[in-house]
Amino acid sequence: MQNAKNTHQEYPPAQISRLTRTQLHDTVVGHLRNFIVEGVLPPGSKLNERELCERLGISRTPLREALKVLAAEGLVVITPNRGASVFQISEDEVCELFELMSGLEAFSGLLACERITPAELAEIKALHYTMLACHAQGDLPGYYAKNHEIHDKINQVARNASLRHIYLTTNQRLQALRFRSNLEHAKWDKAVQEHAEMIQILEARDGPRLAALLRQHLLTKRETVLRMLAAENSSAAVS
């Protein structure tokens, strides 16, 4: 894991394309959020405004506005007189947030089985097939984007506004870790199998069974992430 004290961050040119002025605010926020989720901007890394502005082809004003949005989401920490850095989550927070998220996902699945329409089910199945294609091609960012859409859609079709709000707030802080949980290929393959099962259960509208699978799906990700963090901390201690 990158040391948070580093003051100079290199941003790979291939990762960041120049932007047009169209919907600049949302575009900048989206780009930065994806860089954090996919690890282009590692946890704890200091964000160099000059370099980011050059890479994105923008001025500091839209960049700083985007950083404020990400700070409100809990993805960025802004410290007076020191600038912004990517948030770094503790092991205790990992345990708590994944535990909470497992319950939110389970409840979403339970309600979704009761309330999903045939058209919504067809949409989720289409996302699943696209996700499978990304997995077959080894396209982790593409896979994760569709994976995220599937989980998000299940939450949406639960049709519970209060659940939706808590789900989005909690999930924003876990996106980078959920992405990294698929870096172990065996775990990635296992997640794909579980998703196929989710689709079958959702089609059968078996709420309790889907709730149980979603809960375990998230708790398994938690254990994977904790192992990865422990290995990184051990390597950092040795070096």
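For clarity, every value in this text was computed on a predicted model and none was experimentally measured. (Residues numbered from 1 in each chain as written. Predicted model: local features only at pLDDT ≥ 70, side-chain atom pairs only at ≥ 80, totals over all residues. Heavy atoms only, no water.)

1. Description of the packing of aromatic side chains
Move 1: Enumeration according to the criterion identifies 2 aromatic pairs in this entry.
Move 2: Look at Tyr 143 and Trp 188: their rings are 5.2 Å apart centre to centre, the planes differ by 70°, and that puts the pair in the edge-to-face class. Taken together, the residues span a long stretch of sequence, with Tyr 143 in helix α6 (residues 140-157) and Trp 188 in helix α8 (residues 185-204) at a distance of 45 residues.
Move 3: With a centroid separation of 5.4 Å and an interplanar angle of 80°, the aromatic rings of Tyr 144 and Phe 179 are classed as edge-to-face. Of this pair, Tyr 144 sits in helix α6 while Phe 179 sits in helix α7 (residues 161-180), placing them 35 residues apart in sequence.
Move 4: What makes Phe 179 buried here is its relative accessible area of 6%. (Phe/Tyr/Trp six-rings, centres within 6.5 Å; stacked < 30°, edge-to-face > 60°. Helix = DSSP H or I, 4+ residues; strand = E, 2+ residues; numbered from the N terminus. Buried < 20%, exposed > 50% of the residue type's maximum accessible area, 1.4 Å probe, protein only.)

2. Examining the nonpolar core
Move 1: Ranked by internal contacts, the top residues of the largest apolar core, which has 38 residues, are Leu 32, Leu 47 and Val 94.
Move 2: Contributing elements (two or more residues each) for this core: α1 (24-37), α2 (49-56), α3 (60-72), β2 (83-86), α4 (91-115), α7 and α9 (207-238).
Move 3: If we ignore the near neighbours within four places in the chain, the residues touching Val 94 are Ile 89, Leu 177, Arg 222, Val 225, Leu 226 and Leu 229.
Move 4: Core analysis: the second largest hydrophobic core is formed by 26 residues, Ile 116, Leu 121, Val 192 and Leu 214 among them. (Core = buried A, V, L, I, M, F, W, Y, C linked by side-chain atoms within 4.5 Å. Contact = heavy atoms within 4.5 Å.)

3. Observations concerning α3
Move 1: Over its 13 residues, α3 runs 18 Å from end to end, which matches the ideal 18 Å to within 8%, given 1.5 Å per residue.
Move 2: Those residues of α3 that sit buried are Pro 62, Leu 63, Ala 66, Leu 67 and Leu 70. Projected down its long axis, α3 carries its buried residues within an arc of 140°, all on one side. For α3, exposure combined with an orientation more than 90 degrees from the buried face picks out Lys 68 and Ala 72.
Move 3: Among the structural elements, α1, α2, β1 (76-79) and β2 are those in contact with the buried residues of α3.
Move 4: Following α3 by one or two positions, Gly 74 has its phi on the positive side, about 85°. (Expected span 1.5 Å × (residues − 1). Arc of directions from axis to C-beta.)

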